[in-house]
Amino acid sequence: MKIELKNKKVFFENQGSKKEIHPFWLRERVNGDKFVDQKTQQRLFDPTQLKKNIEINNLSLSKDFLEITFNDGAYTKLAIKNILKEFSNINEVKYIDKIEWDSSLKDFNNFEFKDNFFEEKEMYEALVTFYQYGFVVFKKVPIKDNFIVNFANSIGSIRRTNFGEFFDVKSKPNPNDLAYTSLSLAPHTDNPYRNPVPCIQMLHCIENKVSGGLSTLVDGFTVTQKLKKDFPDFYKILSEIKVRFQFIDQSVVLEDWAEMIQLDEKGDFKQVRFSPRLDFVPLIDKEKLELYYSAREKVSEMYNSDKYRIEFKLSPGDLLMMDNHRLLHGRTSYDTNEGNRFLQGCYIDYDSTEGKFKHLKRKFNL
Ligand SMILES: [Fe+2]
C-alpha cells in the first residue's frame, strides 16, 4: 500500500488498484493543537459543521508524512503509517492467531504475580498468551478473600451475573447450580442462556486440600475445527440451528437462543456454547432433528474425549483466566471429607481487556 499525489489530490494504491482519498476524510483528521485535544485525542471541532466542499490547496509528501493545507485555511501534517492503518478495521487482538491445542499441551503458560503487575510488560505477554490459547494461569496471586475483584478490575471490568459480582465455588447445601457441589462437572461453557454470554471467566484458588477436584479445560476452537473437517454436516447443522438455553431459579428466568457453534460474518469461528443440561432444541423437522441429535452426540463425545482435555490442579494463589466463548471447562469430583476446596470466580468483558492490551502495547511500543 502506498500514498501518491497528483493534481492536488491524494491517492492510495493497494494491490494494483489506485483510488482517490476523499479530501473531507483528510480534513477530518487534521491534528494540530488547535484541532485536537492532545491528551484525549478528541476533536476540538465538529466535522458536521464544516462546509462540504472542502478542497486541498497545497500538498507535499515525504517518506513518513503528508502535509496538507485546505481551502478553509486548516493545515495538518499526517503520519503516513496512521493513514495506512485506517484502510482496514482489523482489531489488533484479531491479528493474534489462535493456537489449536489438545491434551498434548504440556507447558501451560504461567505468569507470576508481582507488585504493579498490571502495568508491566509481563501483563502484556500474559494477554497475548490468553488470546493465543484462550487461557492463562497466574501464580502467587495474594490469597485474600475477594482479591479476585481487584484483580479482575485491574485487567477489565467485572460483569455481574445472576451469581453476583463474584461467586464462591465450594460445595454447599441446597445449591442452585451443580458447580456448588462436589460432583464432577463435564466440560461446559458458562451462562449460555445469557445475552451476551459473559466473555472471560476467572477462577482464583484460595484453598485446595482435596486430592481430586482437578480443573479441566477443552479448546472449543480445536474441537470444532476438527468437526468441520471430519463431519461437515454435523458442523453445519450445529452452526445453523438456534437452540434455547435456559436457567431458572426462584428469582429469575433467563433464556437465550443461539447456535452451539456460532460463526462470524465471514463464516469463521466466533463462539461455542455447550451445556447439555440447559439446552432445548426447537421443534423442527424430524429429519433435521435426527441430524442435529447425531451432531450433538458427536461434538459431546469430542468435548468429553481424553484426546482434547487437559487436567491440572489449581493450588492456593493460582488464578485461571479463560475465554468462556472459546474454551469449555469442568472439574473432576472430589471428596469433601479430605478437606476444603474453595475457589472464587467472576467474569469480565472482552472490550475492557482489549483496551488494557492496547494500552500496554502502546506503553511499551510493541
Ligand atoms: Fe462453569
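All values reported here derive from a predicted model rather than from experimental measurement.

Caption draft 1: Broad picture of the environment of Leu50. Within the secondary structure, Leu50 is located in the loop between helix 1 (23–28) and strand 4 (56–61). In this structure the C-alpha to C-alpha distance between Leu50 and Arg27, which are 23 residues apart in sequence, comes to 9.3 Å. Not counting residues within four places of it along the chain, the set of residues in contact with Leu50 comprises Phe24, Arg27, Phe45 and Asp72.

Caption draft 2: Up close: the sheet that holds strand 3 (residues 17–20). Pairing in this open sheet of 3 strands is antiparallel, and the strands run 1-2-3 from one edge to the other. Of all the strands in the sheet, the pair left with one neighbour each is strand 1 (2–6) and strand 3. For this sheet, the mean inter-axis angle between neighbouring strands, taken without regard to orientation, is 30°. Relative to strand 3, strand 2 (residues 9–14) runs antiparallel, the two sharing 4 bridges. Residue pairing in the sheet places Asn14 in a bridge with Ser17 of strand 3.

Caption draft 3: Layout of the sheet that holds strand 10 (residues 185–188). Pairing in this open sheet of 4 strands is antiparallel, and the strands run 10-20-12-18 from one edge to the other. Of all the strands in the sheet, the pair left with one neighbour each is strand 10 and strand 18 (309–312). On average, each strand axis in the sheet is tilted by 20° relative to the strand beside it, whichever way the strands run. Set on the sheet, helix 5 (residues 220–230) makes contact with strand 12 (215–219) and strand 20 (327–331); between it and strand 12 the angle comes to about 40°.

Caption draft 4: Examining helix 8 (residues 350–363) more closely. The end-to-end C-alpha distance of helix 8 is 20 Å, a good match for the 20 Å that 14 residues give at a rise of 1.5 Å each. Elements in contact with the buried residues of helix 8: helix 3 (121–133), helix 4 (147–155), strand 11 (200–208), strand 19 (319–323) and strand 21 (341–348). Downstream of helix 8 by one or two residues, Asn365 has phi in the positive range, about 55°.

Caption draft 5: Summary view of the coordination of the iron ion. Protein-derived coordination of the iron ion comes from His188 (NE2), Asp190 (OD) and His329 (NE2), at a distance range of 2.1 to 2.2 Å. On the primary sequence, the residues serving as donors to the iron ion are separated as H-x1-D-x138-H. Of this pair, His188 sits in strand 10 while His329 sits in strand 20, and the two are 141 residues apart along the sequence. The two residues His188 and His329 agree in class, both being buried.

Caption draft 6: Seen up close, the layout of surface pockets. Size it by volume and the largest pocket reaches roughly 1,200 Å³. Lining the largest pocket we find 31 residues, and of these Lys94, Lys98, Asp264, Phe269 and Lys270 sit closest to its centre. Secondary-structure elements contributing two or more residues to the lining of the largest pocket are helix 3, helix 5, strand 16 (269–272) and helix 8. For the second largest pocket, the calculated volume is near 1,000 Å³.

What counts as what
Residues numbered from 1 in each chain as written. Predicted model: local features only at pLDDT ≥ 70, side-chain atom pairs only at ≥ 80, totals over all residues. Heavy atoms only, no water. Helix = DSSP H or I, 4+ residues; strand = E, 2+ residues; numbered from the N terminus. Contact = heavy atoms within 4.5 Å. Pairing = 2+ DSSP bridges. Axes fitted to C-alpha atoms, helices over the stretch in contact; angles between N-to-C directions. Expected span 1.5 Å × (residues − 1). Donors = N, O, S within 2.8 Å, 3.2 Å for Na, K, Ca; no water. Buried < 20%, exposed > 50% of the residue type's maximum accessible area, 1.4 Å probe, protein only. 1 Å grid on protein atoms, 1.4 Å probe; cavity = no way out; pocket = protein on both sides within 12 Å on 5 of 7 lines; lining within 4 Å. Points joined across faces, edges and corners; volume = space filled by probe spheres on them.

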